[in-house]
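# Coordinate analysis (summary)
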Amino acid sequence: MTGAFSEKELMHDLLATEKQTISGYSVGITETSCQNLRNTLVNNFKNAQDVQFKVFDAMKQKGWYATKDAPDSDVQKAKNEINQMSGSLK
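Being a predicted model, the structure only gives us computed values, none of them experimental.

### Some details on the overall build of the protein chain
- Regarding its fold elements, the protein chain presents three helices and zero strands.
- When the elements of the protein chain are put in sequence order from the N terminus, they spell out α-α-α.
- On C-alpha atoms alone, the protein chain measures out to a radius of gyration of 18 Å, which is more than a quarter above the 12 Å that the 2.2 N^0.38 rule sets for 90 residues.
- Taking the principal axes of its C-alpha atoms as reference, the protein chain extends roughly 55 × 40 × 15 Å.
- In the protein chain, which comprises 90 residues, the share counted as buried stands at 14%.
- Sequence separation of 24 or more characterises 59% of the internal contacts of the protein chain that already satisfy a separation of 6 or more.
- Of the accessible surface of the protein chain, which amounts to about 7,200 Å², a share of 53% is contributed by carbon and sulfur atoms.
- Side chains of the protein chain carry 11 positive and 11 negative charges; the gap between the two charge centres is 5 Å.

### Looking at the packing of aromatic side chains
- According to the stated counting rule, one finds two aromatic pairs in the structure shown.
- Consider the rings of F53 and F56, whose centres lie 6.0 Å apart with planes at 45°: the pair is tilted. Here F53 pairs with F56, and both are found in helix α2 (residues 35–61), just three residues apart, close to one helical turn.
- Among the residues examined, F56 registers a relative accessible area of 16% and is labelled buried.
- Clustering of aromatic rings is evident, with ring pairs tying together F53, F56 and Y65.

### A word on helix α1 (residues 7–31)
- When the terminal C-alpha atoms of α1 are compared, their 36 Å separation across 25 residues agrees well with the 36 Å that a helix rising 1.5 Å per residue should span.
- All buried positions along α1 are accounted for by M11, L15, E18, I22 and I29.
- At its buried positions, α1 is contacted by α2.

Thresholds, definitions, all that
- Residues numbered from 1 in each chain as written.
- Predicted model: local features only at pLDDT ≥ 70, side-chain atom pairs only at ≥ 80, totals over all residues.
- Heavy atoms only, no water.
- Helix = DSSP H or I, 4+ residues; strand = E, 2+ residues; numbered from the N terminus.
- Rg over C-alpha atoms; globule rule 2.2 N^0.38 Å.
- Buried < 20%, exposed > 50% of the residue type's maximum accessible area, 1.4 Å probe, protein only.
- Contact = heavy atoms within 4.5 Å.
- Areas by Shrake-Rupley, 256 points an atom, 1.4 Å probe, with all protein chains shown as cover.
- Lys, Arg positive; Asp, Glu negative; His and termini not counted.
- Charge placed at Lys NZ, Arg CZ, Asp CG, Glu CD.
- Phe/Tyr/Trp six-rings, centres within 6.5 Å; stacked < 30°, edge-to-face > 60°.
- Expected span 1.5 Å × (residues − 1).

Below, the structure written as structure tokens:
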């Protein structure tokens, strides 16, 4: 072994890093009282989400991240529950 990482290992590491970055931005967004800083964090959060999805999608396409699609009825049920929770918070 040469100590070099494979593309798959690098992608897994990058995905984990992006998830951790997104989590950090999420905490910062919810804890800041400065609107200017919050706007910056939200923008960075969205950019990190985009990168995370691109890495995830590339891994999925290569067969390195297996997923299973949920039945449409389960997806609709989850969406309805989220909408109900969201509506009750307003």
